[in-house]
Amino acid sequence: MGALTVFQFVDLMVGGLAVGCVYSLIALGFAMIMRATNIIHFAQGEVMMLGCMCGLTSLWLLPALPLLAVVAVGMASSGLIAVAMELAVYRTLRRRRVPIMNLITATVGMSILCINAARIIWGSEPLRFPELFATTAYEFGGVRVSPQLFWIMVMGVAIMAALQLFLKHTRTGLAMQAMAQDAEAAQLMGANLTRMMAYTFAISGMMAGAAGIMLGSMFFAFFEMGFITGLKGFVAATLGGLGSITGAMLGGILFGLIETFSTVFLSSAYKDGIGMILLIAILLVFPSGLVGLWQRRR
Amino acid sequence: MSASFDPSARRRAVRPVTLLVVAALIVLPWIEPDKFALHILSLIAIASIAAMGLQVLLGYSGQLSIGQAAFYGIGAYTSALLTAKLGVPFPLALVGAGAAAAIASLLMVPITRLTGAYLAVATLGFSIIVYLFIQNEEWLTGGSYGFIGIPRAELFGYVLRDQMSSYYLNVGVAAIVYFTFARIEGSRFGRAINAIRQDADAARASGIGVTLLKSECFVIAAFVAGVAGSLYAHEVRYLAPNDFTFWKSIEMLIMVVIGGVGSLAGAILGAAVVVGLPEYLRAIGDYRMLVFGAILIATMLFGEGGLAALFATLGRRVAAVAMRSASKLPPGNEAAR
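Residues numbered from 1 in each chain as written. Chains lettered and ligands numbered in written order. Predicted model: local features only at pLDDT ≥ 70, side-chain atom pairs only at ≥ 80, totals over all residues.

Asker: Got a sec to walk through the overall build of chain B? Specific residues and values, please.
Answerer: The number of helices and strands found in chain B is 16 helices and two strands. For chain B, whose C-alpha radius of gyration is 21 Å, the value lies close to the compact-globule estimate of 20 Å for 337 residues. Projected onto its principal axes, the C-alpha positions of chain B cover 75 × 55 × 45 Å. The proportion of buried residues among the 337 residues of chain B is 45%. (Helix = DSSP H or I, 4+ residues; strand = E, 2+ residues; numbered from the N terminus. Rg over C-alpha atoms; globule rule 2.2 N^0.38 Å. Buried ≥ 20, exposed ≤ 12 C-beta atoms within 10 Å, placed from the backbone.)

Asker: Could you give an account of the overall build of chain A, with specific residues and numbers?
Answerer: Scanning chain A from terminus to terminus reveals 12 helices and two strands. Going residue by residue from the N terminus, the α and β elements of chain A occur as α-α-α-α-β-β-α-α-α-α-α-α-α-α. In terms of C-alpha radius of gyration, chain A reaches 19 Å, essentially the compact-globule figure of 19 Å for 298 residues. Principal-axis analysis of the C-alpha atoms places the extent of chain A at approximately 60 × 50 × 35 Å. Per-residue burial over chain A gives 51% buried out of 298 residues. A sequence separation of at least 24 residues applies to 75% of the contacts in chain A between residues at least 6 apart. (Contact = placed C-beta atoms within 7 Å.)

Asker: Describe the interface of chain B and chain A, and please don't skip the residues or the numbers.
Answerer: Taken together, the contacts link 33 residues of chain B with 35 residues of chain A. Going through the elements one at a time, α6 (116-136), α12 (246-259) and α14 (288-302) of chain B are the ones with two or more residues in the side of chain B that touches chain A. The biggest single contributor to the side of chain B that touches chain A is α6(B), with 12 residues. Here the side of chain B that touches chain A is built from residues that sort into 27 nonpolar, three polar and three charged. (Nonpolar A, V, L, I, M, F, W, Y, C, P; charged D, E, K, R; others polar.)

Asker: Could you give an account of helix α13 (residues 264-280) of chain B, naming the residues involved and the relevant values?
Answerer: Residue and element names in this part refer to chain B. With 17 residues, α13 should reach 24 Å at 1.5 Å per residue; the first-to-last C-alpha distance of 24 Å fits that figure. Buried residues dominate α13, accounting for 12 of its 17 residues. Considered for burial, the residues of α13 that qualify are L264, A265, G266, A267, I268, L269, G270, A271, A272, V273, V274 and V275. Contacts from the buried residues of α13 go to α3 (35-60), α8 (163-186), α12 and α15 (306-327). (Expected span 1.5 Å × (residues − 1).)

Asker: Describe unusual backbone geometry, naming the residues involved and giving the relevant values.
Answerer: Located in the positive-phi region is N38(A), a residue other than glycine, with phi close to 70°. Among the structural elements, N38(A) can be located in the loop between α1 (6-37) and α2 (44-61). Residues other than glycine seldom take positive phi values, yet R237(B) does so here, at roughly 65°. Its place among the elements puts R237(B) in the loop between α11 (210-236) and α12.

Asker: A description of the packing of α1(A) against helix α8 (residues 193-218) of chain A should follow, citing residues and the corresponding values.
Answerer: Residues and elements named next belong to chain A. Two numbers describe how α1 lies on α8: the axes approach to 8 Å, and their chain directions differ by 165°. Here α1 lies roughly antiparallel to α8, going by the angle between them. By crossing handedness, the relation of α1 to α8 is classed as left-handed. On α8, the residues touching V22, L25, I26, L28, G29, M32, I33 and A36 of α1 are M197, T200, F201, I203, S204, G205, M207, A208, A210, A211, M214 and L215. Partitioning the contact of α1 with α8 into residue classes produces 16 nonpolar, four polar and no charged. (Axes fitted to C-alpha atoms, helices over the stretch in contact; angles between N-to-C directions. Parallel < 35°, antiparallel > 145°, perpendicular 65-115°, else oblique. Left-handed = near helix turned anticlockwise from the far one by under 90°.)

Asker: Explain the confidence of the model for chain B residue by residue, including any values.
Answerer: Residue and element names in this part refer to chain B. Per-residue pLDDT for chain B has a mean of 86; in total, 92% of the residues score no lower than 70. Per-element confidence in chain B ranges from a low mean pLDDT of 44 for helix α16 (residues 331-336) to a high of 96 for helix α4 (residues 68-84). Confidence drops under pLDDT 50 across residues 1-10; counting only partners more than four residues distant or on other chains, this segment forms three contacts. pLDDT under 50 marks residues 331-337. Its contacts with residues more than four places away, or in other chains, come to one contact. (pLDDT = per-residue confidence, 0-100.)

Asker: Describe α3(B), naming the residues involved and giving the relevant values.
Answerer: All names here are of chain B. With 26 residues, α3 ought to run about 38 Å at 1.5 Å a step, and its terminal C-alpha atoms sit 36 Å apart, in line with that. Helix geometry: α3 is bent most strongly at L54, by close to 30°. For α3, the buried fraction is high: 20 of the 26 residues fall into the buried class. Residue G62 follows α3 closely and has a positive phi angle near 75°. (Bend = angle between axes of the 7 residues up to and from the residue.)

Asker: Please set out the environment of L43(B) residue by residue, giving values where relevant.
Answerer: All names here are of chain B. Note that L43 resides in helix α3. For the pair L43 and V171, spaced 128 residues apart in sequence, the C-alpha separation works out to 9.3 Å. Apart from the residues lying within four places of it in its own chain, the contact partners of L43 are E235 and V275.

Asker: How would you explain the environment of Y168(B) if you had to name every residue and give the values?
Answerer: Residues and elements named next belong to chain B. Locating Y168 in the fold gives a position in helix α8. Given 19 C-beta atoms within a 10 Å radius, Y168 is considered partly exposed. Sequence spacing of Y168 and A45 is 123 residues, and the spatial spacing of their C-alpha atoms is 9.8 Å.

Asker: If you had to explain the confidence of the model for chain A to someone new, which residues and values would you point to?
Answerer: Overall, the prediction assigns chain A a mean pLDDT of 88, with 97% of residues at 70 or greater. No element of chain A has a lower mean pLDDT than helix α12 (residues 289-297) of chain A, at 65, and none a higher one than α2(A), at 95.

In structure tokens, the structure reads:
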């Protein structure tokens, strides 16, 4: 409490931004799936958790694996898992034209399945990651920054920038955007709907996988880690304006900052609650999230 | 029998199946007096009360709430506080618990303007706040140590000491809720919220007060969730914050969807599956929830209208097969058997 030195402020800022990047990556997955299919993908947190577990397992098998390779393993396995979910269950459900609530409930079922499978495979103890980052702090003009948080921010921003480039400048990316806006028109223009849907799940899975490795290296790998983090990602996506890519990125970072600062200034016991109160307040004023505010201004 | 031509009148009449189920529930404790079985059945009855509330909210008015555990928790702790700390008699505490939850839901009335996922996330946020309150305000709720010393339910001076009488209490309240809600369907209110679910704009254009009716559904669902919480408090007589997490809300949602969105009886069936199945699967230990998840996905794959529709189709098929075999079974089939 009280006045904060510049250094403490920078510390908090960096921590909040790093956690925010993790939330952003998860929120992106929610937003992309929401845009394409209109469902809340409750298993998104579990996709993240499984990516984290797979990355950790790859480190157990090959202890010398560099950081980027671990992130790649996490992204690849999460991407594959998300695609498997889509191909095995969600696609079938959509073909049968079941009500949207059934689809959402199926994602809850998927989440239960993943949590319990992970508990059986990896056990119920929290697992610690080996040291992936340099241990001596970096100095930027007299301000010390932990390498771990620094690299998490850099990776998060790089992955999000790559996603933006992919969506804006590649044929597949544009087709996915078009499909999100109007599936029928996109199909008439020659976009392969089922394939684009699989890509959507692959990309949102990869985002979650990267988030999983980051989060696991910051705290623990744990079979229940996806549950509450997934919810926070969902909240972040809503905060930004559901279905908006930019909104999800901003929402995640904002949520990370709010959480970190409110822990210090208000109360650590109610840390999760303050974000929620803000969320409800924001939704009451701007019922379609922060992006609604942005669009109204323009 | 001219009344049977009017479909709405027929729907409102008590069907023979309903009578049969009620009769079965009344005699059941005499056939199966096992305490644990009656306790599980009580929990199913309690869960089905909350699920029926959510059914009105989601199935009738089309509002997705993933925060019903908040109202369930408020009801449970209110009832526990009223009876254990203030000595309020149980029937009053039961109503008080419902009222407390309903009043808390009034706080949330502004958010009924939200729709779909936005509404869902706002209710989720509310339930997380309530959970944190229960967890942190030890002076009031006992915090993570839990709330102990909740007295047994008593009615008109008679304390429900044995499992059988508390079974009758829980099932009785569930039945009252069921028959009350069953009247909504054909009523003016029921038709209005049905119209809102199908097309809110069209409903508004037809002169239906959309926001008011949506809020009313919200308050109704919260009230019954509070009543269910109160019954839970006096059935288990120990409350811990972990009984009221986000997971509880999701369980209620699963009950409604697995039973069939829009079907009151479905909500009860769903409650029976969600509460009963994990107990039934206890034998397989660690794999229990894994199997539960798989069953949930499979139900979504194969049953569009949930268990209620599945049972209805099954019933029709059985009836059709029975009719066919009774009247005109081709002789070739008979030989094949």
